[in-house]
Structure formats: structure tokens, C-alpha cells
Amino acid sequence: MGSVELEIGGMTCASCATRIERKLNKLDGVEATVNYATEKAKVAVPAGLDAMALIAEIEKAGYSAQLPARTEPDAEHRDPELDGLRQRLIVSAILTVPVVLLAMIPALQFTYWQWASLTLAAPVIVWGGWPFHRAAWTNLRHGAATMDTLVSLGTIAAFGWSLYALFLGTAGMPGMRHVFEFTLARSDGASNIYLEVGAGVTTFILAGRYVEKRAKRRAGAALRALLELGAKDVSVLRDGVETTIPIDDLRVGDEFVVRPGEKIATDGVVVSGRSAVDASMLTGESVPVEVDEQDPVVGATVNTSGRLVVRATRVGSDTRLAQMAALVEEAQTGKAEVQRLADRISGVFVPIVLVIAVAALAGWLLAGFPATTAFTAAVAVVVIACPCALGLATPTALLVGTGRGAQLGILITGPEVLESTRRVDTVVLDKTGTVTEGRMALVDVVVEDQGDAEELLRLAGALEHASEHPIGRAVAQAAPAPLLPVDGFSNIAGRGVEGIVDGRRVIVGRESLLAERSMPLSESTAAAKAQAEGEGKTVVAVGWDGTARGILVVADTVRATSAQAITELRALGLTPILLTGDNEAAARSIGAQVGVDEVIAEMLPEDKVATVARLQSEGRVVAMVGDGVNDAPALVQADLGIAMGTGTDVALEAADIALVRDDLRSAADAIRLSRRTLGTIRSNLFWAFAYNVAAIPIAAFGMLNPMLAGAAMALSSVFVVGNSLRLRAFR
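All residue numbers refer to positions counted from 1 along the written sequence of the respective chain. Residues qualify for local features only when their pLDDT is at least 70, as the model is predicted, and side-chain atom pairs are given and counted only at 80 or more; totals for whole chains, interfaces and linings, by contrast, use all residues. The side-chain figures draw on all heavy atoms in the structure; neither hydrogens nor water molecules are used.

## Some points on the overall build of the protein chain
Here's step 1: Comment: elements are numbered from the N terminus, with helices defined as DSSP H or I runs of at least four residues and strands as E runs of at least two. Helix and strand content of the protein chain: 26 helices and 26 strands.
Here's step 2: Evaluated residue by residue, the protein chain yields a buried proportion of 52% over its 731 residues.
Here's step 3: Residue contacts are counted whenever heavy atoms from the two residues lie within 4.5 Å of one another. Considering only residue pairs separated by 6 or more positions, the protein chain has 70% of its internal contacts joining residues 24 or more positions apart.
Here's step 4: The Shrake-Rupley method, run with a 1.4 Å probe sphere, supplies the accessible areas, and residue values consider only the shown protein chains as cover. Entry remark: accessible area of the protein chain is about 30700 Å², with carbon and sulfur atoms responsible for 57%. Burial classes follow relative accessibility: with a 1.4 Å probe on protein chains only, a residue under 20% of its type's maximum area counts as buried, one over 50% as exposed, and anything between as partly exposed.

Structural data, given as C-alpha cells:
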């Protein structure tokens, strides 16, 4: 079996993805998964089956397909479909406003207002609604009905009957008015126009489709951001001379130079030099890793101190970064599609409406009434069934809910996200940068007998200020100002630093370094050091003038609000799990501090994805909260991905919800707001259909006049907007 990936065009709802999937799976030996969100198909094919055969099969179903284009990542890449939707929405909105005002306000109805309405509404219904008409036709050919079918049918019926009334009926006469009366009375329909219904529905649903499409485009942004993390150029050693070449020209076996502050170009082995490498973006490990000759290094990590010469061992698609990009893409492709509720209801609602319309037509004709009366009743059924409020139901709630979220520092990407929050029962928390601050800080000072803690910190801080090591920076930041000058500073690679401060030769580093200089720690201090290291903290020893003076304990500190956040998440019915690339002792210590019982440590990025997938296979619905590049694949794999705002761009792009504040309590707020917004959307959808359903029997019995049609549409729309605005009160 081989694997083929295809980019699909022309899908308008989740049922389109299901249809294509069914079509491909009918081919011998083919196993296909089609994702509506990413607009991609991942197909397992038997040897010898050409990808063009798959494309031909998809095109037969009425959609387009192509092999993925290999282009450079471009964050500003334009989306023609999104641009087209925006253009249709803007033009349609400008033309629709006066049509609705003329129809609803009798005082504005001048002598030939109905013809002005036709001139303005025709481009909206025909050109603005073209995506819905095209999708409806595709669905019709396959015997399916979605919201597109209902929208297209309703708008065309409203437009067609309006044309009949204007040209063949009495609606085109000078001085025609929409007489609004709250009474039930039969009408022959030849004096009524429904242009505001056709134009209004088209514009509202274009707005909803635009919001949805813009959210979907983010799926590809995670990959672009991930690929942009890698180095673009590399300094290769050729015959002892440094030559800068593009990263794509680097080959396995090439030796390249990495200076302090530069990214390591690709995976490799250190040939010469010593340094500390910050791998936190890939591993989540908060403490930089000391590397020496023959130690492996990973591409896209940052060299923090010394000069390194590295031999490339993996390049291109074989590197850890490229594998993580593949994990993100695979997780996106495998994510279950959430069918829009409106489509599911429409699948049942549309056939019922058509049956009622045909029954009304036949009933009036069989009863001996004129064809005009029969067609009026049938068309009225279709017109009143056209869900004006349905077009507002999702976008208005989403607009208000996401707007309120933005005020609270919670960014929700789209309606599919909300469906996930309702079902989530497990929340997986990354440790570094999510539950903790994500940076080293001094947490304790232990001095030998008769020692002075302030003096210890003052001398050690002055010496470490000259160091580039992150642990040294944490000590220097905690030292009292002003910092003393340092003479004769030297860095003992991988072991510590020494220099003369205030006339004393000070050494700060590993316990073994001080022991070599005949400065052993006392039993009590050594015990304190062992206890701190047992809790996953980092300890450096300090000595001067031939005597050990004490130790400094450095650790990644827990955020002040994390414990409260865990309590709030439990109150929402969620089970918290701490997941980290850090060591077991550090992870257990942090878990105990914040109240998380289940802790899984020493996780690589692929392990995190596997853990989330395992939890899902156990029947759990998983939310993942993280902030690093290493979290991105797991964020996408999870049913709900939440990224901390202080995290990397890759994590933010891969997530469904982004938190602007570096406060884990925002995650609980995000889930509560999302659930509230989803509840509002569901109630909007219910009432949008309820108004239509209630009016359908009236239309079928020929009792529907323009006032009632307009009132039902307006009332349902006003209710939906008012219901959505209640989200502004969310706290």
C-alpha cells in the first residue's frame, strides 16, 4: 500500500467530505479519509493505482482535486476563495440594506420602489448567492440536501415568485404598497414580492460562510509557522573555510558552525566545542542542555553560549522539526469532522418542506381552486421555510461570544471548536510555561554554618552576571543591586564559572568542581542539595577563599494562579493530567503543588501525541493546554487545543483557542464561554426553525400575507440577535 494526499476543492459542508470519502472507498483496495476542515484527503492506495484515477473519481462527484503544490511557506499567502467570499459579502450587504428597509418601512415606499428593489436584489440573489446555488446543484445530483439546498431553494423561490408578481401580476403597478396587517387572509400572491427575503438570507448566510472559511484557513497556518522555525542559511566548513549556503543545500556529513545565539541548522553531532543548548521549544525541558563533543543536537534549537562545529546527520524531511510538522499535519487530517448542526437539521427539514409544498399545490388544485392560488400556497411554504434567522444563528452568537472572549483575553477560532468544548471530560496540561512560569528563578539559598545568605547571593550574582547561561541569569537577577565588578572571569565548560569579586576568588558551579578545589559541602548542606534535586530542582554550589559557603537552588516556578485554575477545571467536570518532557521528580513535585494526581513525565513530542490519542481511544474527549512547539502536534490531535498566549507562534496557530494572558484560569474561562456560546447557537437554531415550522401550515393553507411573512422573518431574526447579545454579560 502507498499513501497519496490530495487537496480537495468545492466542499461546502461536512456531508461533502463524507460523500467524497464514500466515493473513494468504493475503489478496490482504497482506504480514504477526507477532512472538511483542512480540505485534504489522505488516501491509502494499492501499488499501481495512479493518483490521477483518484482525482478523476472526485471530479465525477462534482468536486475538484489536485496533488499538493510544493511551495515555500508564506504566512501572507492569499486565499482566492476567501477573497471571493469577502467581495460577495461586501457587495451583497451594500445592496441588501436598502431592499430590506424599503420592504419593511411603508413610509419609504415611493411610486416605483418595487422596481428599485428588483434592481438591487437581483445581483445579490443571483451573483452573491452563486456559491449556494452551485452547491445545491451538486447536492441535487447526488440526491442529498443540506443548508445550501434550503437557502438556494428559498431564495430562488422568493425571487422567481417576485418576478411573476411584478411582470404578470399586480405587484408591478405604480403605487404598489406592502399593506401590513396582522390578520390571516387568503391572497392570490400576484400582488406580493419577497425580494427582501431572498437578498437578506443570501447576505446573512454569506456572512456566516465567510466567518467559517476564515477560521478554517488557520489549519494550514500551524504548519507554516512550524516550518519557519528552522534556520534559513547555514555556515558550512569547506576545506577549513566558512561558506554560507541555503539550508536546502546542506547534505548529510557536512560540518557547519553555530555561534552563540544562532539556531542549529539541522540535526547532527557536535564535532568540536562546548555549549548549553536551549531546546525548550522542542522538548519543553526548561533547563538548557549541556553539550560536548560527540553529543547529539537537534535542528531549530538555540546555541546559548560557546561556538560549536556540528556534523549534519539528518537533513530535510528526516529532521525532528520536519517530523513534528508531519505530526501536526497528520493530526489535522485525522481529526474527526464536526458536522454543522444546521446541515444535519436541513437534511431532514428540506425534504419535509418540499413534500408539504407539493402537497399544498396538489391539494389546492384537487379542491378546484385556480392554479394561481395553488402556486401561491406552494411557493409561500418554500419562502417561509427559507431560514432567514438560521443565517444569523451561528455568526451572531459566534461574533458576540468571540468578541466577549477577546475582551477577556480568549481567542476562539470557529464554530467547530465550540462543539468540542461541550463534550470535553479530560484536560491534559503541559507543565513548562503553562502550569509553571517557563523560566528559571532562584527559589532557595542554603548557607553553611555562620554564613550570610545575602553576601553569598551578592558575590555569586556578580560572578554569574558575566555568564550567558540561563541558570546564571536566574541567580544574577535575584542578586541585590548594584552588582559588583568581576576580574579574571573564566567559564569552566559544563561545570561552572570562577572569578575575583570584591577581592575574593569565587567559584560557582557543580558540587564536583568545588570538591576538586578542596571545598566540600557539609553534611547538612549536601542533604539539602539532595532533597532539592529529588524535587527536580537545579542546584549550584558556591565557595570562595578555599571554603564552600552554601548552595543556590534554581527551579521553574509554579504560576501563582495554577492551583486555583485546576480547581476551576475540576468544577467543570474535567479530569486534569500533567504531561511534560521534564524529568519525573520535577513533574511529580509540580503536580503535588497544584493538585494534579496523574502525572506523565519525560515525554517527547511524538509521545505527547500518542498519549492524547491513547486517552481518546479509551473513550475520553481530550482538551490539551500547552505553549511550546513540542506541544503543537498534541494540540492538534486533541479534541480541543488551548494555547497559552505567552507560547510560541506554532502553538498558537495549532490551537483551537488561544489565551492572551499567561494565566491558566483563562483556560477554564475559555471552556465556560465556549459552552455558553454553543448553547446560544443551539437555542438560536431551534427558534430559527421553530418560527418557520409554525408558519408553514399557515402558508400551506394560503393564509400568509406579506405582513405575517415579514413579521415572522423579522421577529425570528430579532430574537436570534437579542439572544446572542446576552453573551456580552459573560463574566
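Next comes the rest of the description.
## Looking at the packing of helix α4 (residues 113-128) against helix α5 (residues 130-141)
Here's step 1: As a rule, the C-alpha atoms of each element are fitted with a line to give its axis, helices using only the stretch in contact, and angles between N-to-C directions run from 0 to 180 degrees. One can describe the packing of α4 onto α5 by two numbers: an axis separation of 5 Å at closest approach and a directional angle of 45°. Classified by the angle their axes make, α4 and α5 are oblique. Where α4 approaches α5, its residues I125, V126, W127 and G128 are matched on the opposing element by W130, P131 and H133.
Here's step 2: Of the residues contributing to the contact of α4 with α5, the split by class is five nonpolar, two polar and no charged. In what follows, roughly perpendicular refers to angles from 65 to 115 degrees, roughly parallel to angles under 35, roughly antiparallel to angles over 145, and oblique to any angle outside these ranges. Residue polarity follows a fixed list, in which Ala, Val, Leu, Ile, Met, Phe, Trp, Tyr, Cys and Pro are nonpolar, Asp, Glu, Lys and Arg are charged, and the others, Gly among them, are polar.

## Re the packing of aromatic side chains
Aromatic rings in a pair are described by how distant their centres are and how their planes are angled relative to each other.
Here's step 1: Geometry of aromatic contacts follows a simple scheme: Phe, Tyr and Trp rings, the Trp one being its six-membered ring, pair when their centres are within 6.5 Å, and the pair is stacked under 30 degrees between planes, edge-to-face over 60, tilted otherwise. In this structure the tally under the stated criterion is three aromatic pairs.
Here's step 2: Where W161 meets Y164, the ring centres are 4.8 Å apart and the plane angle is 35°; that geometry is what we call tilted. Taken together, the residues span about one helical turn, with W161 and Y164 both in helix α6 (residues 147-167) at a distance of three residues.
Here's step 3: Centre to centre, the rings of W364 and F369 are 4.8 Å apart; their planes meet at 80°, and the pair counts as edge-to-face.

## Focus on the sheet that holds strand β15 (residues 426-430)
Here's step 1: Pairing is mixed in the open sheet, where seven strands are placed in the order β14-β26-β25-β24-β15-β22-β23. One side of each edge strand has no neighbouring strand; the edge strands of this open sheet are β14 (410-412) and β23 (598-600). Looking at each pair of strands side by side, their axes are set apart by 20° on average, direction ignored.
Here's step 2: As paired strands, strand β22 (residues 575-579) and β23 are joined by three bridges and run parallel to one another. Directly across from L578, in β23, lies its bridge partner V599. Here, a strand pair is defined by DSSP locating no fewer than two bridges between the strands.

## Notes on the packing of helix α16 (residues 453-465) against helix α17 (residues 470-478)
Here's step 1: It is at 8 Å that the axes of α16 and α17 come closest, and there the two elements cross at 135°. When the axes of α16 and α17 are compared, the pair comes out oblique. Handedness of the crossing formed by α16 with α17: left-handed. On the side of α16, the interface is formed by L457, A460, G461, E464 and H465, while α17 contributes G472, V475, A476 and A478. For any pair of crossing helices, the crossing counts as left-handed if the nearer helix is rotated counterclockwise from the farther one by less than a right angle, and right-handed if it is rotated clockwise.

## Quick word on the UniProt feature "transmembrane region" (unreviewed entry) in the protein chain
Here's step 1: UniProt positions are given in the numbering used here, feature names are shortened, and annotations may be inferred rather than shown by experiment. As recorded in UniProt, the feature "transmembrane region" (unreviewed entry) lies at residues 89-106, 112-130, 150-173, 193-211, 348-369, 375-400, 684-701 and 707-725.
Here's step 2: In residues 150-173, helix accounts for 75% and strand for 0%; the two terminal C-alpha atoms are 31 Å from one another.
Here's step 3: Annotation note: span residues 348-369, helix share 86%, strand share 0%, distance between end C-alpha atoms 30 Å.

## A word on the sheet that holds strand β9 (residues 275-278)
Here's step 1: The strand order across the open sheet built from three strands is β10-β9-β12, with neighbouring strands paired in antiparallel fashion. Strand pairing shows two members of the sheet lacking a second neighbour, β10 (289-291) and β12 (302-303), which therefore form its edges.

## A short note on the confidence of the model for the protein chain
Here's step 1: pLDDT: the predictor's confidence for each residue, scored from 0 to 100. Within the protein chain, residue pLDDT values average 81, and 84% of them lie at 70 or more.
Here's step 2: Between the elements of the protein chain, mean pLDDT differs from a low of 57, seen in helix α8 (residues 218-227), to a high of 95, seen in α4.
Here's step 3: Every residue in residues 71-76 is under pLDDT 50, and counting partners more than four places away or in other chains gives nine contacts.

## A few points about the pairing of strand β18 (residues 496-501)
If a strand is regular, its side chains alternate between the two faces of the sheet.
Here's step 1: Of all six residues making up β18, five are buried, and the element is well covered by its neighbours.
Here's step 2: As judged from the five bridges shared by strand β17 (residues 486-492) and β18, these two strands associate in the antiparallel manner. Looking across to β18, one finds that V486 is bridged to V501.
Here's step 3: As judged from the six bridges shared by β18 and strand β19 (residues 504-509), these two strands associate in the antiparallel manner. Across the sheet, residue I500 finds its bridge partner in β19, namely R505.
Here's step 4: Between β18 and β19, which pair antiparallel in sequence order, lie two residues; one of them, D502, sits at a positive phi of approximately 55°.

## Notes on the nonpolar core
Here's step 1: Remark: nonpolar core denotes a set of buried residues (Ala, Val, Leu, Ile, Met, Phe, Trp, Tyr, Cys) joined through side-chain atoms within 4.5 Å. The biggest cluster of nonpolar side chains holds 43 residues, and the ones touching the most others in it are L429, V625, L640, I642, I657, L659 and L664.
Here's step 2: Setting aside residues no more than four positions away along its own chain, L429 makes contact with V435, I566, L569, P576, I577, L578, L579, V625 and L664.

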